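Reading the structure
What follows is the residue order along each chain.
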Amino acid sequence: MHPVVETQGLTKRFGPHLALDGIDLSIAAGEIFGYLGPNGAGKTTTIRILAGLLQPSAGRAAVLGLDVVRQRDLMQARLGYLPGNFVGYDDLSGEQYLRYLANLRGGVEWHVVVTMAKRLDLDLGRRIGVLSHGNRQKVGIVQALMHHPELVILDEPTTGLDPIIQREFLGLLADVRDAGGTVFLSSHILSEVEAVADRVGIIRDGRLVVVESVERLKHRAVRRMDLTFVGAPPLEVLSSVAGVREVTSSGSTAHLAVEGSTAKLLAVAAPHGIEQIVTHEPDLEEIFLAYYERTDRLA
Ligand SMILES: Nc1ncnc2c1ncn2[C@@H]1O[C@H](COP(=O)(O)OP(=O)(O)OP(=O)(O)O)[C@@H](O)[C@H]1O
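What counts, and at which threshold
Within each chain, residue numbers correspond to sequence positions counted from 1 in written order. Two thresholds apply to this predicted model, a pLDDT of at least 70 for residue-level local features and 80 or more for giving and counting side-chain atom pairs, whereas whole-chain, interface and lining totals are computed over all residues. With hydrogens and water excluded, all non-hydrogen atoms of the structure serve as input to the side-chain values. Secondary structure elements follow DSSP: runs of H or I of four or more residues count as helices, runs of E of two or more count as strands, with numbering from the N terminus. UniProt positions are given in the numbering used here, feature names are shortened, and annotations may be inferred rather than shown by experiment. Expected helix span is taken as 1.5 Å per residue step, with the number of steps being one fewer than the number of residues. Each residue is placed in one exposure class: buried if its accessible area under a 1.4 Å probe, protein chains only, is under 20% of its type's maximum, exposed if it is over 50%, and partly exposed if it falls in between. Contacts are assigned to residue pairs that have any heavy atoms within 4.5 Å of one another. Pairing between strands requires that DSSP locate at least two bridges from one strand to the other. A fitted line through C-alpha atoms represents every axis, and for helices the fit uses only the stretch in contact; the resulting angles, taken between N-to-C directions, go from 0 to 180 degrees. Centres within 6.5 Å are what make two rings of Phe, Tyr or Trp a pair, Trp counting through its six-membered ring; a difference in plane orientation under 30 degrees is then read as stacked, over 60 as edge-to-face, and the rest as tilted.

**With respect to the environment of Ile164**
Tracing the chain through its elements places Ile164 in helix α6 (residues 163-178). Spatially, the C-alpha atoms of Ile164 and Leu120 are 9.0 Å apart, while their sequence positions differ by 44 residues.

Structure below.
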C-alpha cells in the first residue's frame, strides 16, 4: 500500500531563501502525524505544497499516491485542508458557508456537520464576520472534516481554541483515525499534539531534524524540575544521578534539568526529605537541545 503522504528531497526556495531543504517523509494510512517546529521553520510551506497550493523547487511529494503537482485536482478532491489563516466569507453564516462548500464537493451528510458543530460548541446561524477568531477556526475545522476525507491536513488548527474545545477537537481527530483516515497537523507546541499524535516530525530551518513516536521523543526530552527539600538541597548527590544535566539552587530548592525518566532521580532524592516537586513540561526548544547535543556527542 502507498504511504498516504510521501515526500522525497522536498525543497522550496523563495528567491535566495531556502525554506525547505530536502524533506523526506513517509506517513502511513491511519496515522496521526504531528508536524512541529518553531515559527518560520517551514511547516506552512510543507503543508501548502502537500495541499497542492505551492510548487516545490526540487524533489517530489505524493499524497494518497497522487503527485501533488501533476495530479493536483484529483488529490485535492480527496483531501480535507485547514489553512493557517482560515477566514471564510464574512457575509455568510456558518451554515450558508458550509452548505456552499458542501455543494462544491458534491454534497455531504449534513448531520455530520451539525454533530461536529455541537461538539465544538459552534453556532452555525451566526455570520462569520461577527465570529471570534476561535469560532471562525471551528468553521474551518468543520469544513476540513465534514466530507470524511481520507487525509486531513491542518495548519496550526488549535490556534484560538480554548482548552475544552481543544480536547473535543483532538477527539474529532481520533475519530478520523479510528475510521481509517490519516491526519497531518502542524503546531509549534508539543503539548498540543502529544495527546493525539502517533508520531511527530520536528522541522527546524527547513530541515527535518527528527521523526519519531511521541513516547520516544518525550523520553529524549530534557525536563526541568524544581525539588524543594526540608533542609539544604543535596546538590552533589543530585548531580551524580544519570540523566541529570544541570543543577542550581535557590534556598532549599534545587532546579534541575533531567533527560529521560525522572524515576531514578526521585528515588535518590527522596531520603533527603522532599517537600515539594514541580515538573515543567519539556518545550520544543529543550527537545531540540537534547537532540542536537546527542548528535554532537555521536559526531
Ligand atoms: N511567499 C514567501 N516568500 C518569501 N519567503 C517566504 C514565503 N513563505 C514563507 N517564506 C519564508 O520561508 C520560511 C518558512 O516559512 P513557513 O511559513 O513555512 O514557516 P512556519 O514553520 O509555518 O512558521 P509559522 O509557525 O510562523 O507559520 C520563513 O523563513 C518564511 O519567512
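**A word on the UniProt feature "domain: ABC transporter" (unreviewed entry) in the chain**
Cross-referencing UniProt, the feature "domain: ABC transporter" (unreviewed entry) maps to residues 5-230 in the present numbering. In residues 5-230, the share of helix is 34% and the share of strand is 31%. The end C-alpha atoms are 54 Å apart.

**Some details on helix α5 (residues 133-145)**
With 13 residues, α5 should cover 18 Å at 1.5 Å per step; its first-to-last C-alpha distance of 19 Å lies within 8% of that length. Counting buried residues along α5, twelve of its 13 residues qualify, which places the element largely inside the surrounding structure. Of the positions making up α5, those classed as buried are Gly134, Asn135, Arg136, Gln137, Lys138, Val139, Gly140, Ile141, Val142, Gln143, Ala144 and Leu145. Packed against the buried residues of α5 are β6 (79-82), α3 (94-104), α4 (110-119), β7 (151-154) and α6.

**Concerning the sheet that holds strand β9 (residues 199-204)**
Strand-to-strand pairing in sheets goes through backbone hydrogen bonds, with the strands running parallel or antiparallel. Spatial ordering of the open sheet is given by β6-β7-β8-β3-β9-β10, a layout of six strands whose pairing is mixed. In this open sheet, the two edge strands, each paired with only one partner strand, are β6 and β10 (207-213). The average angle at which neighbouring strand axes cross in this sheet is 15°, direction not considered. For β9 and β10, the ladder comprises six bridges, and the chain directions are antiparallel. Within β10, the residue paired with Arg199 across the bridge is Ser213. Here α6 sits on the sheet and contacts β3 (32-36), β7 and β8 (182-187); the angle it forms with β8, its principal contact strand, is near 150°.

**A word on the packing of aromatic side chains**
By the definition in use, this model includes five aromatic pairs. Ring centres of Tyr89 and Tyr97 lie 5.4 Å apart, and the angle between their planes is 70°; this geometry places the pair in the edge-to-face category. The class of Tyr89 is partly exposed, set by a relative accessible area of 45%. Judged by its relative accessible area of 8%, Tyr97 falls in the buried class. An angle of 45° between the planes, with centres 5.9 Å apart, marks the rings of Tyr89 and Tyr100 as tilted. Residue Tyr89 is found in the loop between β6 and α3, and its partner Tyr100 is found in helix α3; the two are separated by eleven residues along the sequence.

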